[in-house]
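Report on the structure
Each chain is listed here by its residues.
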Amino acid sequence: MKHLLVVFHSKTGNTQQLADAVVAGATAADVIGVQVRVLRAADAGPADLLWANGLLLGTPENFGYLSGALKDSLDRTFYEVEGKLTPLPYAMFISAGNDGTGAVRAMERIANGYPFIKIQDPVIVRGEPCADDLEACRQLGQAMAMGIDMGIF
Ligand SMILES: Cc1cc2nc3c(=O)[nH]c(=O)nc-3n(C[C@H](O)[C@H](O)[C@H](O)COP(=O)(O)O)c2cc1C
């Protein structure tokens, strides 16, 4: 089995909706060889990153940046995984009021340090998620899981 880790933070539920859609895609019936672990950012530790073959990160954009909870998770794990992590394929999903680009920029800088390797552009959802947004997240989860399963990433 390959391993897909989904780590997210959500305060008012929008990113939670995106995470649920991502997980639905990643656990679809046609993905059989991938185990999915879903964690709130506050609960994700270094062992989870070392377990993973792929990573999906979800966050609201707060003050033009990642949520503090996701940033804290990355801060807490960096030294523990440094030098031990095979560069992890990753992608992100973002819930924003009206922007989201600041969170993307921040994550891309952090990804260079870990290292995480971007496998597709982020899904940025502005405002309350609609059906198309959830479908985009479902597809993100499915694409990541299938890519891991087939050894593409
Ligand atoms: C403290 C705070 C700061 C925020 N800063 C931004 C921001 O810089 N850009 C933006 O587009 N939305 C901003 N928002 C709006 C949130 O990103 C948006 O409401 C998001 O959907 C919340 O996700 P959640 O429901 O998963 O908590 C901010 C919200 C809060 C509470």
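Now for a quick tour of the structure. (Residues numbered from 1 in each chain as written. Predicted model: local features only at pLDDT ≥ 70, side-chain atom pairs only at ≥ 80, totals over all residues. Heavy atoms only, no water.)

In this section: the site of the ligand. Around the ligand sit 16 residues, and of these Ser 10, Thr 12, Thr 15, Glu 61 and Ser 95 come closest. Backbone polar atom of Glu 61 to an oxygen atom of the ligand: 2.7 Å apart, as the coordinates give it. Protein contact buries 71% of the 630 Å² of open area that the ligand shows by itself. Looking at the shell around the ligand, the elements with two or more residues in it are α1 (14-26) and β4 (88-96). Per-class residue counts for the shell around the ligand are three nonpolar, ten polar and three charged. (Near = heavy atom within 4 Å. Polar contact = N/O pair within 3.5 Å; in protein donor to acceptor, adjacent residues only side chain to side chain. Areas by Shrake-Rupley, 256 points an atom, 1.4 Å probe, with all protein chains shown as cover. Helix = DSSP H or I, 4+ residues; strand = E, 2+ residues; numbered from the N terminus. Nonpolar A, V, L, I, M, F, W, Y, C, P; charged D, E, K, R; others polar.)

Turning to the environment of Gln 35, a few remarks are in order. Structurally, the position occupied by Gln 35 is in strand β2 (residues 34-40). The partly exposed category is assigned to Gln 35, whose relative accessible area is 39%. Considered as a pair, Gln 35 and Ala 145 are 110 residues apart in the sequence and their alpha carbons are 8.8 Å apart. (Buried < 20%, exposed > 50% of the residue type's maximum accessible area, 1.4 Å probe, protein only.)

Turning to a nonpolar patch on the surface, a few remarks are in order. Among the surface-exposed residues, Met 150, Ile 152 and Phe 153 lie close enough to one another that they form a single nonpolar patch of about 330 Å² accessible area. Structurally, Met 150 is set in the segment after α5 (131-149). Under the relative-accessibility criterion, Met 150 is labelled exposed at 58%. (Patch = residues over 30% accessible without salt bridge, like charges linked within 9 Å, V, L, I, M, F, W, Y side chains within 5 Å. Salt bridge = Lys/Arg side-chain N within 4 Å of Asp/Glu carboxyl O.)

Remember, this is a structural readout, not a statement about activity or role.
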